[in-house]
Amino acid sequence: MPDTTGASYASASYKTAGVDIEAGDRAVELMKEWVKKTRRPEVLGGLGGFAGLFDASALKNYEHPLLASATDGVGTKVDIARQLGVYDTIGHDLVAMVMDDIVVCGAEPLFMTDYICVGKVHPERVAAIVKGIAEGCVLAGCALVGGETAEHPGLLGPDDFDVAGAGTGVVEADRLLGPDRIRTGDAVIAMASSGLHSNGYSLVRHVLLNEGGLALDAHLDGLGRTLGEELLEPTKIYSLDCLALLRTAEVHAFSHVTGGGLAANLARVIPDGLHAVVDRSTWAPGAVFDLVGRTGRVERLELEKTLNMGVGMIAIVPEESTDVALTTLADRGVDAWVAGEITDRGEHPTGAALVGDYAV
(Lines give C-alpha, C1' and ligand atoms only; values in the text may rest on other atoms or scores of the structure.)
Protein backbone atom coordinates (compact mmCIF):
# COMPACT_ATOMS: atom_id res chain seq x y z
CA MET A 1 0.00 0.00 0.00
CA PRO A 2 1.53 3.36 -0.97
CA ASP A 3 2.47 5.91 1.68
CA THR A 4 -0.14 8.68 1.54
CA THR A 5 1.12 10.70 4.55
CA GLY A 6 4.02 12.33 2.76
CA ALA A 7 6.38 11.19 5.51
CA SER A 8 9.77 9.70 4.68
CA TYR A 9 11.12 6.72 6.64
CA ALA A 10 14.63 5.24 6.80
CA SER A 11 14.77 1.51 6.26
CA ALA A 12 14.77 -0.44 9.53
CA SER A 13 17.52 -2.82 10.59
CA TYR A 14 18.56 -4.78 13.67
CA LYS A 15 21.18 -2.11 14.32
CA THR A 16 18.73 0.79 14.17
CA ALA A 17 16.55 -1.21 16.58
CA GLY A 18 19.45 -1.15 19.01
CA VAL A 19 21.23 -4.49 18.47
CA ASP A 20 24.78 -4.25 17.11
CA ILE A 21 25.90 -7.65 15.83
CA GLU A 22 29.31 -6.34 14.83
CA ALA A 23 29.96 -5.09 18.36
CA GLY A 24 28.98 -8.51 19.67
CA ASP A 25 31.45 -10.18 17.33
CA ARG A 26 34.16 -7.79 18.49
CA ALA A 27 33.40 -8.68 22.11
CA VAL A 28 33.79 -12.39 21.33
CA GLU A 29 37.20 -11.79 19.76
CA LEU A 30 38.35 -9.82 22.79
CA MET A 31 37.24 -12.47 25.28
CA LYS A 32 38.80 -15.47 23.51
CA GLU A 33 42.21 -15.08 25.12
CA TRP A 34 40.70 -15.09 28.59
CA VAL A 35 38.48 -18.10 27.98
CA LYS A 36 41.50 -20.01 26.67
CA LYS A 37 43.20 -19.63 30.06
CA THR A 38 40.46 -21.75 31.68
CA ARG A 39 40.84 -24.70 29.34
CA ARG A 40 40.99 -28.19 30.85
CA PRO A 41 42.15 -31.31 28.93
CA GLU A 42 38.56 -32.57 28.75
CA VAL A 43 37.31 -29.52 26.83
CA LEU A 44 36.71 -30.04 23.10
CA GLY A 45 36.54 -27.33 20.46
CA GLY A 46 36.84 -23.62 21.00
CA LEU A 47 34.74 -20.57 21.72
CA GLY A 48 32.04 -19.79 19.17
CA GLY A 49 30.23 -23.09 18.77
CA PHE A 50 26.56 -23.57 19.54
CA ALA A 51 27.40 -25.66 22.61
CA GLY A 52 30.42 -26.18 24.83
CA LEU A 53 31.79 -29.72 24.74
CA PHE A 54 33.31 -31.63 27.65
CA ASP A 55 34.66 -35.16 27.19
CA ALA A 56 32.64 -37.27 29.66
CA SER A 57 34.98 -40.24 29.17
CA ALA A 58 37.14 -38.39 31.70
CA LEU A 59 34.69 -39.71 34.30
CA LYS A 60 35.45 -43.36 33.51
CA ASN A 61 37.84 -43.53 36.44
CA TYR A 62 34.91 -42.96 38.79
CA GLU A 63 33.10 -46.04 40.06
CA HIS A 64 29.80 -44.22 40.52
CA PRO A 65 30.08 -40.59 39.40
CA LEU A 66 27.40 -38.14 40.46
CA LEU A 67 27.07 -34.87 38.56
CA ALA A 68 26.38 -31.77 40.63
CA SER A 69 25.01 -28.59 39.05
CA ALA A 70 24.23 -25.09 40.27
CA THR A 71 23.20 -21.76 38.83
CA ASP A 72 23.32 -18.27 40.30
CA GLY A 73 23.92 -14.61 39.69
CA VAL A 74 25.61 -11.73 41.49
CA GLY A 75 22.58 -9.61 42.37
CA THR A 76 22.59 -5.86 42.74
CA LYS A 77 26.35 -5.77 43.31
CA VAL A 78 26.51 -5.29 39.53
CA ASP A 79 25.17 -1.76 40.05
CA ILE A 80 28.26 -0.87 42.11
CA ALA A 81 30.44 -2.11 39.23
CA ARG A 82 28.39 -0.06 36.77
CA GLN A 83 28.68 3.12 38.84
CA LEU A 84 32.43 2.72 39.27
CA GLY A 85 33.06 1.57 35.71
CA VAL A 86 34.96 -1.47 37.01
CA TYR A 87 33.95 -4.66 35.22
CA ASP A 88 36.80 -7.15 35.66
CA THR A 89 36.02 -8.27 39.24
CA ILE A 90 32.32 -9.08 39.10
CA GLY A 91 33.08 -12.35 37.31
CA HIS A 92 34.96 -13.63 40.36
CA ASP A 93 31.74 -13.16 42.29
CA LEU A 94 29.76 -15.13 39.72
CA VAL A 95 32.14 -18.10 39.75
CA ALA A 96 32.22 -18.12 43.55
CA MET A 97 28.45 -18.12 43.85
CA VAL A 98 28.13 -21.08 41.48
CA MET A 99 31.20 -23.22 42.11
CA ASP A 100 31.31 -22.84 45.89
CA ASP A 101 27.76 -24.20 45.95
CA ILE A 102 28.91 -27.19 43.91
CA VAL A 103 31.91 -28.01 46.11
CA VAL A 104 29.67 -28.12 49.20
CA CYS A 105 28.63 -31.69 48.34
CA GLY A 106 32.27 -32.66 47.80
CA ALA A 107 32.17 -32.29 44.02
CA GLU A 108 35.10 -31.18 41.89
CA PRO A 109 34.12 -28.24 39.63
CA LEU A 110 34.37 -29.22 35.95
CA PHE A 111 32.94 -26.54 33.70
CA MET A 112 30.81 -23.43 33.61
CA THR A 113 28.79 -21.32 31.20
CA ASP A 114 27.83 -17.67 31.59
CA TYR A 115 25.02 -15.35 30.50
CA ILE A 116 25.69 -11.63 30.19
CA CYS A 117 22.72 -9.36 29.49
CA VAL A 118 23.42 -5.75 28.49
CA GLY A 119 21.48 -2.74 27.31
CA LYS A 120 24.15 -2.01 24.72
CA VAL A 121 27.19 -4.07 23.77
CA HIS A 122 30.40 -2.24 24.60
CA PRO A 123 32.96 -4.85 23.43
CA GLU A 124 35.71 -3.88 25.87
CA ARG A 125 33.25 -3.86 28.77
CA VAL A 126 31.87 -7.31 27.94
CA ALA A 127 35.41 -8.64 27.50
CA ALA A 128 36.35 -7.27 30.93
CA ILE A 129 33.40 -9.07 32.51
CA VAL A 130 34.41 -12.33 30.81
CA LYS A 131 38.02 -11.75 31.89
CA GLY A 132 36.83 -11.75 35.50
CA ILE A 133 34.76 -14.89 34.97
CA ALA A 134 37.73 -16.64 33.36
CA GLU A 135 40.06 -15.64 36.20
CA GLY A 136 37.49 -16.94 38.65
CA CYS A 137 37.26 -20.23 36.79
CA VAL A 138 41.03 -20.63 37.06
CA LEU A 139 40.77 -20.07 40.83
CA ALA A 140 37.97 -22.67 41.02
CA GLY A 141 39.77 -25.17 38.77
CA CYS A 142 36.99 -25.33 36.19
CA ALA A 143 36.74 -24.58 32.47
CA LEU A 144 34.63 -21.82 30.94
CA VAL A 145 33.19 -23.71 27.98
CA GLY A 146 30.79 -21.15 26.57
CA GLY A 147 28.25 -18.46 27.22
CA GLU A 148 25.85 -15.94 25.79
CA THR A 149 25.90 -12.17 25.51
CA ALA A 150 22.44 -10.74 24.94
CA GLU A 151 21.72 -7.14 23.97
CA HIS A 152 18.36 -5.86 25.24
CA PRO A 153 17.84 -2.27 24.07
CA GLY A 154 14.72 -0.68 25.47
CA LEU A 155 14.62 -3.06 28.42
CA LEU A 156 18.00 -2.07 29.88
CA GLY A 157 19.77 1.27 29.73
CA PRO A 158 22.90 1.54 27.57
CA ASP A 159 25.16 1.07 30.59
CA ASP A 160 23.04 -1.50 32.45
CA PHE A 161 24.00 -5.16 32.64
CA ASP A 162 23.45 -8.35 34.58
CA VAL A 163 25.33 -11.64 34.79
CA ALA A 164 24.36 -15.22 35.58
CA GLY A 165 26.08 -18.56 35.28
CA ALA A 166 25.63 -22.30 35.56
CA GLY A 167 28.21 -24.90 36.51
CA THR A 168 28.73 -28.64 36.71
CA GLY A 169 30.91 -30.75 38.97
CA VAL A 170 31.41 -34.43 39.79
CA VAL A 171 31.72 -36.45 42.98
CA GLU A 172 32.11 -40.14 43.70
CA ALA A 173 28.82 -41.42 45.15
CA ASP A 174 30.38 -42.88 48.29
CA ARG A 175 32.19 -39.57 48.95
CA LEU A 176 29.09 -37.40 48.75
CA LEU A 177 29.03 -34.99 51.69
CA GLY A 178 25.91 -34.09 53.60
CA PRO A 179 23.88 -34.21 56.80
CA ASP A 180 24.00 -38.02 57.11
CA ARG A 181 27.74 -37.86 57.86
CA ILE A 182 27.56 -35.35 60.72
CA ARG A 183 28.02 -36.63 64.26
CA THR A 184 27.85 -35.20 67.77
CA GLY A 185 31.20 -33.69 68.73
CA ASP A 186 32.15 -32.64 65.19
CA ALA A 187 33.99 -29.33 65.00
CA VAL A 188 32.57 -26.38 63.09
CA ILE A 189 35.45 -24.70 61.26
CA ALA A 190 34.83 -21.21 59.90
CA MET A 191 36.68 -19.80 56.90
CA ALA A 192 36.93 -16.02 56.71
CA SER A 193 35.09 -14.14 54.00
CA SER A 194 36.83 -11.51 51.91
CA GLY A 195 34.10 -9.01 52.78
CA LEU A 196 30.43 -8.73 51.91
CA HIS A 197 30.80 -11.26 49.06
CA SER A 198 27.69 -11.08 46.83
CA ASN A 199 24.70 -11.08 49.15
CA GLY A 200 22.74 -8.36 50.86
CA TYR A 201 23.62 -5.59 48.43
CA SER A 202 20.05 -4.33 48.25
CA LEU A 203 20.29 -3.60 51.97
CA VAL A 204 23.87 -2.32 51.70
CA ARG A 205 23.09 0.05 48.83
CA HIS A 206 19.93 1.30 50.56
CA VAL A 207 21.69 1.92 53.87
CA LEU A 208 25.03 3.32 52.73
CA LEU A 209 24.31 5.02 49.40
CA ASN A 210 20.63 5.94 49.34
CA GLU A 211 19.83 6.72 52.99
CA GLY A 212 23.37 7.30 54.25
CA GLY A 213 24.40 9.46 51.30
CA LEU A 214 27.93 8.06 51.29
CA ALA A 215 30.00 8.44 48.14
CA LEU A 216 31.67 5.45 46.52
CA ASP A 217 34.95 7.39 46.28
CA ALA A 218 34.88 8.32 49.98
CA HIS A 219 37.77 7.09 52.17
CA LEU A 220 36.20 5.88 55.41
CA ASP A 221 37.90 5.19 58.73
CA GLY A 222 38.39 1.51 59.33
CA LEU A 223 38.14 0.37 55.73
CA GLY A 224 41.62 1.42 54.65
CA ARG A 225 40.37 2.14 51.13
CA THR A 226 37.43 3.77 49.39
CA LEU A 227 33.89 2.61 50.00
CA GLY A 228 33.60 1.57 46.35
CA GLU A 229 36.73 -0.58 46.56
CA GLU A 230 35.36 -2.27 49.67
CA LEU A 231 31.97 -2.94 48.11
CA LEU A 232 33.55 -4.36 44.94
CA GLU A 233 35.92 -6.71 46.80
CA PRO A 234 35.45 -10.03 44.96
CA THR A 235 33.82 -12.97 46.67
CA LYS A 236 36.42 -15.45 47.87
CA ILE A 237 36.45 -18.67 45.85
CA TYR A 238 36.92 -21.62 48.23
CA SER A 239 36.55 -24.49 45.74
CA LEU A 240 40.18 -25.60 45.56
CA ASP A 241 40.67 -25.01 49.29
CA CYS A 242 37.74 -27.31 50.06
CA LEU A 243 39.05 -29.97 47.67
CA ALA A 244 42.47 -29.76 49.33
CA LEU A 245 40.78 -30.23 52.69
CA LEU A 246 39.05 -33.36 51.40
CA ARG A 247 42.45 -34.81 50.44
CA THR A 248 44.08 -34.25 53.82
CA ALA A 249 41.31 -34.53 56.41
CA GLU A 250 38.01 -36.26 57.00
CA VAL A 251 35.20 -33.83 56.19
CA HIS A 252 31.56 -34.50 56.94
CA ALA A 253 29.98 -31.41 55.37
CA PHE A 254 30.54 -27.95 53.98
CA SER A 255 28.18 -24.98 54.10
CA HIS A 256 28.50 -22.01 51.73
CA VAL A 257 27.41 -18.89 53.62
CA THR A 258 25.33 -16.84 51.19
CA GLY A 259 21.84 -15.27 51.37
CA GLY A 260 20.27 -15.93 54.74
CA GLY A 261 23.49 -15.63 56.67
CA LEU A 262 25.53 -18.10 58.66
CA ALA A 263 22.82 -19.70 60.80
CA ALA A 264 20.34 -20.32 57.98
CA ASN A 265 22.94 -21.80 55.62
CA LEU A 266 24.53 -23.94 58.30
CA ALA A 267 21.11 -25.29 59.27
CA ARG A 268 20.71 -26.63 55.70
CA VAL A 269 23.33 -29.32 56.34
CA ILE A 270 22.48 -30.23 59.96
CA PRO A 271 20.46 -33.47 60.39
CA ASP A 272 17.36 -33.71 62.57
CA GLY A 273 18.19 -34.17 66.22
CA LEU A 274 21.56 -32.43 66.09
CA HIS A 275 22.49 -28.79 66.46
CA ALA A 276 25.38 -26.63 65.35
CA VAL A 277 26.30 -24.16 68.06
CA VAL A 278 28.56 -21.35 66.83
CA ASP A 279 30.28 -18.99 69.26
CA ARG A 280 30.27 -15.41 67.98
CA SER A 281 33.16 -14.48 70.28
CA THR A 282 35.60 -16.57 68.22
CA TRP A 283 35.89 -13.86 65.56
CA ALA A 284 35.27 -10.19 64.89
CA PRO A 285 33.41 -9.23 61.69
CA GLY A 286 35.20 -6.77 59.40
CA ALA A 287 34.65 -3.03 59.57
CA VAL A 288 32.22 -2.97 56.65
CA PHE A 289 29.65 -5.00 58.59
CA ASP A 290 29.81 -2.55 61.48
CA LEU A 291 29.53 0.32 58.99
CA VAL A 292 26.30 -1.07 57.56
CA GLY A 293 24.87 -1.70 61.02
CA ARG A 294 25.75 1.72 62.43
CA THR A 295 24.85 3.77 59.38
CA GLY A 296 21.46 2.15 58.93
CA ARG A 297 20.79 1.38 62.60
CA VAL A 298 20.28 -2.20 61.46
CA GLU A 299 19.63 -4.63 64.29
CA ARG A 300 22.20 -7.41 64.73
CA LEU A 301 19.68 -10.16 64.01
CA GLU A 302 18.81 -8.49 60.70
CA LEU A 303 22.49 -8.16 59.81
CA GLU A 304 23.07 -11.84 60.57
CA LYS A 305 20.06 -12.86 58.48
CA THR A 306 21.30 -10.82 55.51
CA LEU A 307 25.12 -10.72 55.52
CA ASN A 308 27.85 -13.34 56.03
CA MET A 309 29.32 -11.37 58.97
CA GLY A 310 32.86 -12.42 58.11
CA VAL A 311 32.39 -16.15 57.47
CA GLY A 312 32.16 -17.32 53.86
CA MET A 313 32.44 -21.11 54.16
CA ILE A 314 32.02 -23.66 56.93
CA ALA A 315 33.63 -27.11 57.17
CA ILE A 316 32.28 -29.66 59.62
CA VAL A 317 34.94 -32.22 60.55
CA PRO A 318 35.44 -34.88 63.24
CA GLU A 319 37.14 -33.46 66.33
CA GLU A 320 40.25 -35.55 65.64
CA SER A 321 40.59 -33.97 62.16
CA THR A 322 40.53 -30.40 63.44
CA ASP A 323 44.29 -29.81 63.63
CA VAL A 324 45.10 -31.19 60.19
CA ALA A 325 42.17 -29.27 58.69
CA LEU A 326 43.33 -25.98 60.17
CA THR A 327 46.91 -26.68 59.08
CA THR A 328 45.81 -27.43 55.51
CA LEU A 329 43.81 -24.22 55.30
CA ALA A 330 46.60 -22.16 56.84
CA ASP A 331 49.09 -23.59 54.34
CA ARG A 332 46.77 -22.38 51.58
CA GLY A 333 46.51 -18.90 53.06
CA VAL A 334 42.93 -19.34 54.30
CA ASP A 335 42.13 -17.66 57.61
CA ALA A 336 40.19 -20.36 59.51
CA TRP A 337 39.31 -21.19 63.11
CA VAL A 338 37.13 -23.48 65.22
CA ALA A 339 33.91 -21.52 65.67
CA GLY A 340 31.71 -24.11 67.32
CA GLU A 341 30.63 -27.72 67.56
CA ILE A 342 27.85 -30.16 66.77
CA THR A 343 25.78 -31.21 69.75
CA ASP A 344 22.64 -33.17 70.50
CA ARG A 345 22.02 -31.01 73.56
CA GLY A 346 20.48 -27.56 73.71
CA GLU A 347 17.32 -25.82 72.71
CA HIS A 348 17.90 -24.84 69.12
CA PRO A 349 15.24 -26.56 66.96
CA THR A 350 16.29 -24.77 63.78
CA GLY A 351 19.46 -26.84 63.53
CA ALA A 352 21.93 -23.99 64.03
CA ALA A 353 22.39 -21.28 66.64
CA LEU A 354 24.74 -18.39 67.24
CA VAL A 355 25.70 -17.77 70.87
CA GLY A 356 27.78 -15.17 72.70
CA ASP A 357 28.94 -11.78 71.51
CA TYR A 358 31.42 -10.88 68.79
CA ALA A 359 34.90 -10.16 70.04
CA VAL A 360 35.74 -6.46 69.62
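This text follows the structure it describes.
Within every chain, residues take consecutive numbers counted from 1 along the sequence as written. Reporting in this predicted model follows two pLDDT cut-offs: at least 70 for local features of residues, and 80 or more for side-chain atom pairs to be given and counted; totals over whole chains, interfaces and linings ignore these cut-offs and use all residues. Each side-chain value is derived from all of the structure's non-hydrogen atoms; neither hydrogens nor water enter the calculation.

## Observations regarding the sheet that holds strand β6 (residues 161-172)
Two pairing modes exist for strands in a sheet, parallel and antiparallel, and in both the strands are linked by backbone hydrogen bonds. Put simply, the rule reads: Being paired, for any two strands, means DSSP has found at least two bridges between them. Under the DSSP-based scheme used, a helix requires at least four consecutive residues in state H or I and a strand at least two consecutive residues in state E, with every element numbered from the N terminus. Helix axes are fitted to C-alpha atoms over the stretch in contact, other axes to C-alpha atoms as well, and angles between N-to-C directions run from 0 to 180 degrees.
Across the sheet, which stays open at both edges, the 4 strands sit in the order β3-β6-β4-β5 with mixed pairing between neighbours. With partners counted over all chains shown, the strands left at the sheet margins are β3 (65-73) and β5 (143-151), one partner each. Neighbouring strand axes in the sheet, compared pairwise and without regard to direction, differ in orientation by 15° on average.

## A short note on the pattern of salt bridges
Rules: One speaks of a salt bridge when a side-chain nitrogen belonging to Lys or Arg is within 4 Å of a carboxyl oxygen belonging to Asp or Glu.
Per the counting criterion, the structure on display carries 15 salt bridges. Connected through shared salt-bridge partners, D79, R82, D160 and R205 make up one network.

## Looking at the nonpolar core
The test is simple: Residues belong to a common nonpolar core when they are buried Ala, Val, Leu, Ile, Met, Phe, Trp, Tyr or Cys residues joined through side-chain atoms within 4.5 Å. The buried label goes to any residue with under 20% of its type's maximum accessible area, the exposed label to any with over 50%, and the partly exposed label to all in between, with areas taken from a 1.4 Å probe on protein chains only. Contacts are assigned to residue pairs that have any heavy atoms within 4.5 Å of one another.
Of all hydrophobic cores here, the largest spans 54 residues; its most connected members are F161 and L231. Setting aside chain neighbours within four positions, we find L231 in contact with K77, I80, L196, Y201, V204, L208, L216 and V288. In terms of nonpolar packing, the next biggest core, distinct from the first, is built from 22 residues, A190, A253, V269 and I270 among them.

## Observations concerning the packing of helix α3 (residues 90-103) against helix α7 (residues 239-248)
Here is the rule: Angles below 35 degrees are treated as roughly parallel, those above 145 as roughly antiparallel, those between 65 and 115 as roughly perpendicular, and all remaining angles as oblique. When the near helix sits turned anticlockwise from the far one by under a right angle, the crossing is termed left-handed; a clockwise turn instead gives a right-handed crossing.
Where α3 meets α7, the closest approach of the two axes is 9 Å, and the angle between their N-to-C directions is 15°. In terms of axis orientation, α3 runs roughly parallel to α7. Considering the relative orientation of α3 and α7, their crossing is left-handed. Residues M99, D100 and V103 of α3 touch α7, and the partners they reach there are S239, C242 and L243.

## With respect to the pairing of strand β7 (residues 187-192)
Among the 6 residues that make up β7, 6 are buried, leaving the element largely enclosed by the rest of the structure. Of the two faces of β7, the one carrying A187, I189 and M191 and the one carrying V188, A190 and A192 are both buried. Pairing analysis gives 6 bridges linking β7 to strand β10 (residues 311-317), with the strands arranged antiparallel. Note that in β10 the partner of V188 across the bridge is I316. The pairing of β7 with strand β11 (residues 336-343) spans 5 bridges and is classified as antiparallel. Bridging across to β11, A190 finds its partner in W337.

## Quick word on the sheet that holds β7
As summarised here, the arrangement of the 6 strands in space is β8-β10-β7-β11-β9-β12, forming an open sheet in which the pairing is mixed. Only two strands of the sheet have a single neighbouring strand rather than two, namely β8 (253-256) and β12 (352-355). Taking each pair of neighbouring strands and ignoring which way they run, the sheet shows an average axis angle of 25°. Sheet strands in contact with helix α11 (residues 322-331) are β7, β10 and β11, and its direction is about 10° off that of β7.

## Looking at the packing of aromatic side chains
A ring pair, where both rings are aromatic, is described by two values, the distance of the centres and the angle of the planes. Definition in use: Between rings of Phe, Tyr and Trp, where Trp is taken as its six-membered ring, a pair exists when centres lie within 6.5 Å; planes separated by under 30 degrees are stacked, by over 60 edge-to-face, and by other angles tilted.
Taken as a whole and assessed by the stated rule, the structure comprises 3 aromatic pairs. Here the aromatic rings of W283 and W337 are separated by 6.0 Å at their centres, their planes lie at 40°, and the arrangement is tilted. Here W337 lies in strand β11 and W283 lies in the loop between β9 (275-279) and α9 (287-296), a separation of 54 residues in the sequence.

## Comments concerning the side chain of D114
As a reminder of what qualifies: Just so you know, the count uses Lys and Arg for positive and Asp and Glu for negative, and it drops His and the chain ends.
Mapped onto the secondary structure, D114 falls in strand β4 (residues 108-118). No salt bridge is formed by the buried D114, whose closest oppositely charged neighbour, K131, lies at an N-O distance of 14 Å. The contact partners of D114, leaving out residues within four places of it in the chain, are L94, I133, L144, G146, G147, E148, A164 and G165.

## Observations regarding unusual backbone geometry
The phi dihedral of H197 is positive, around 60°, even though this residue is not glycine. Of note, H197 is situated in the loop between β7 and α5 (201-211). Residue class for H197 comes out buried when judged on its relative accessible area of 2%. For M309, which is not a glycine, the phi torsion comes out positive at approximately 55°. If you trace the backbone, M309 turns up in the loop between α10 (300-306) and β10. Look at M309 and you get buried, because its relative accessible area is 6%.

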